[in-house]
Amino acid sequence: MVMSQLPRSIALIDCNNFYCSCERVFRPDLDGKPLVVLSNNDGCVVARSNESKALGIKMGEPWFKLRDLARRHGIVAFSSNYPFYADMSNRVMAILSRFSPVQEVYSIDECFLDLTGFGDIRERACAIRRRVIEWTGLTVCVGIGPSKTLAKLANHVAKQHPKSRGIFDYNRLTLAQQNSVLANLEAGAVWGIGRKLSGSLAGLGIHTALQLREADIPSMRARYGVVMEKIIRELRGEPCIEIEEVEPSKKQIVSSRSFGQAVTGLTDLQDAVAHFISNAAGKLRRQKSVAGLLQVFLRTDRFRPEKPQYNPCMSIPLPVPAADSLVLNHWAFQALERLYRSGYEYKKAGVILADIRPEHIVQEDLFSVAQAQPSTALMDTLDKINSRYGRGTLKLSSDGSLRRWEMRADNKSPCYTTDWEQIARCR
DNA sequence: TCTCCGATTAGAC
DNA sequence: CTAACGGTCTAATCGGAGA
């Protein structure tokens, strides 16, 4: 017997204007006002409410260029509050996970659910929306399609058309309707097609998602590689990108920051680097890995080309792979001392942990005296205390005591959901 | 000539 | 008042060094 394969129903659920909506949940007085949330250092716009989008504010725009517009329209700008958004995200993801056994948390505000085989998909999508709004105050859109790429695309359509009321199921369309949806979408709206690629595609006369779907796979693959082939196949309804239920462990961990003010002295840089190391090493230990390579880099202000520029970087292969903050910090300081030149205004610094592998298969140096990683126990204790009493309760003595490099954050909301002290402070 | 590596690029959010 | 332009991550690709 030949079974005709029903298309899979993959849903992409995405919170609308996530960071702005989080802020609004606890500030209903801001309903109807244009809101933006700024990146670290209050640098760029990374989230906009509908009112801000209507004012023509673009994603990633530098905030200082918008000061005038902001004053004229009473735009409210929040500094980003990541612990708060992360907590709200966890709540949303926990709710969504009840609607399917197969979930991939794709980003802080998005996840894929496999809804294949559930009876009334549209009813299920409605239930998802209702539940998330009721339990968190956040609004989500649900896009459904036979592949992740088409689910993303359906989600995009759901967001664009108020008529869809937040839900769009590509699988329910006739072939003619599918064609018309794709014909009305720019190729650049397809997941994986960014600025450069849409420009290049336009040169080939490919402007719409429909034209991209119809493109010749062998020649597109020859020109652009495997990724493009997968995108085209997925647009044709052939799933090529699997749902990843278990989060793969990181292959690289970066901790870096732009400074609130230019930094010139070595001690300030050491202070910042110690902070980056404890942050990165903490993440490394959380995923039970060790790093074999450490990189340290410094940056001057690239937006001021008239000032002397110096952007050095140093890689240190570690004699024994490590996750110990003290060990990593030791090597980072060695690198920093070699990189540092006085007379420059540093605007950013960071560390990168690479060559990452699981901690348990670490091969000890054959000839070293068996010294079972001296401060593993110390790091263990440090991690436990910090996770119980809050990040930054215990830290390296050289970490963050000077804080001259600290970021700008002029309008940060309280950590409403994660910090009792700050909850007490709101009315 | 082939392979491996680091650096660079492109994309996502 | 002024100056002010993010952070993390992956995969693919490229080009040079070394086998």
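That block above? That's the structure.
Worth saying up front: this structure is predicted, and the values here are computed from it rather than measured. (Residues numbered from 1 in each chain as written. Chains lettered and ligands numbered in written order. Predicted model: local features only at pLDDT ≥ 70, side-chain atom pairs only at ≥ 80, totals over all residues. Heavy atoms only, no water.)

### A few points about the overall build of chain A
Next up, step 1: A tally of regular secondary structure across chain A gives 15 helices and twelve strands.
Next up, step 2: Its C-alpha radius of gyration of 25 Å places chain A within 12% of the 22 Å reference for a compact globule of 427 residues.
Next up, step 3: Along the first, second and third principal axes, the C-alpha atoms of chain A reach 65 × 60 × 45 Å.
Next up, step 4: Sorting the 427 residues of chain A into buried and exposed places 44% on the buried side.
Next up, step 5: Pairs at least 24 apart in sequence give 67% of the contacts found in chain A among residues at least 6 apart.
Next up, step 6: As displayed, chain A has an accessible area near 23,500 Å², and 52% of this comes from carbon and sulfur atoms. (Helix = DSSP H or I, 4+ residues; strand = E, 2+ residues; numbered from the N terminus. Rg over C-alpha atoms; globule rule 2.2 N^0.38 Å. Buried < 20%, exposed > 50% of the residue type's maximum accessible area, 1.4 Å probe, protein only. Contact = heavy atoms within 4.5 Å. Areas by Shrake-Rupley, 256 points an atom, 1.4 Å probe, with all protein chains shown as cover.)

### Details of the nonpolar core
Next up, step 1: Formed by 35 residues in total, the largest nonpolar core has its most connected members in F259, L269, L294, V351 and L353.
Next up, step 2: Those elements giving two or more residues to this core turn out to be β9 (253-263), α12 (266-286), β10 (289-300), β11 (313-322), α13 (325-339) and β12 (346-358).
Next up, step 3: It is α12 that provides the largest number of residues to this core, a total of nine residues.
Next up, step 4: Setting aside anything within four residues of it in sequence, one finds L294 in contact with I277, M314, S315, I316, L318, L328, W331, A332, V351, I352 and L353.
Next up, step 5: F18, Y19, Y85 and Y416 belong to the second-largest nonpolar core, a separate cluster that totals 34 residues. (Core = buried A, V, L, I, M, F, W, Y, C linked by side-chain atoms within 4.5 Å.)

### A few points about the pattern of salt bridges
Next up, step 1: Evaluated as defined, the whole model comprises 18 salt bridges.
Next up, step 2: Of the charged contacts, one joins D114 and R8 as a salt bridge, the two residues approaching to 3.7 Å between their closest N and O atoms. Of this pair, D114 sits in strand β6 (residues 110-114) while R8 sits in the segment before β1 (10-15), and the two are 106 residues apart along the sequence.
Next up, step 3: A salt bridge links E214 to R213; the shortest N-O distance between them is 2.7 Å.
Next up, step 4: When salt bridges that share partners are traced, they join R221, E229, R233 and E238 into one network. (Salt bridge = Lys/Arg side-chain N within 4 Å of Asp/Glu carboxyl O.)

### Points about α12
Next up, step 1: Between its first and last C-alpha, α12 extends 30 Å over 21 residues, near the 30 Å set by a 1.5 Å rise per residue.
Next up, step 2: Phi for K288, located one or two positions after α12, is positive at around 55°. (Expected span 1.5 Å × (residues − 1).)

### Let's talk about the layout of surface pockets
Next up, step 1: Volume-wise, the second largest pocket comes out at about 830 Å³.
Next up, step 2: Lining of the second largest pocket is provided by 24 residues; of these, N41, G43, S258, F303 and K347 occupy positions nearest its centre.
Next up, step 3: Within the residue set of the lining of the second largest pocket, elements represented by two or more residues are β9, β10 and β12.
Next up, step 4: Counting residues per element, the lining of the second largest pocket draws most heavily on β9, at three residues. (1 Å grid on protein atoms, 1.4 Å probe; cavity = no way out; pocket = protein on both sides within 12 Å on 5 of 7 lines; lining within 4 Å. Points joined across faces, edges and corners; volume = space filled by probe spheres on them.)

### Describing the protein's contact with DNA strand C
Next up, step 1: Close to DNA strand C lie 24 residues; S39, V254, S256, R257 and S258 are nearest.
Next up, step 2: The protein-proximal atoms of DNA strand C, defined as those within 4 Å of the protein, are 71% sugar or phosphate.
Next up, step 3: S256 is positioned such that a nitrogen or oxygen atom in its backbone is 2.8 Å from a phosphate oxygen of DNA strand C.
Next up, step 4: S258 places a polar main-chain atom, nitrogen or oxygen, 2.5 Å from a phosphate oxygen of DNA strand C.
Next up, step 5: Every element with two or more residues in the surface near DNA strand C is listed here: α11 (226-235) and β9.
Next up, step 6: Counting residues per element, the surface near DNA strand C draws most heavily on β9, which supplies six residues. (Near = heavy atom within 4 Å. Polar contact = N/O pair within 3.5 Å; in protein donor to acceptor, adjacent residues only side chain to side chain.)

### Things to note about the protein's contact with DNA strand B
Next up, step 1: The immediate surroundings of DNA strand B are formed by 14 residues, with K152, G192, I193, K196 and L197 found nearest.
Next up, step 2: Per the 4 Å cut-off to the protein, sugar and phosphate atoms form 100% of the nearby atoms of DNA strand B.
Next up, step 3: The separation between a phosphate oxygen of DNA strand B and a polar main-chain atom of G192 is 2.8 Å.
Next up, step 4: Residue K196 places a side-chain N or O atom 3.1 Å away from a phosphate oxygen belonging to DNA strand B.
Next up, step 5: Elements represented by at least two residues in the surface near DNA strand B include exactly β5 (103-107) and α8 (195-203).

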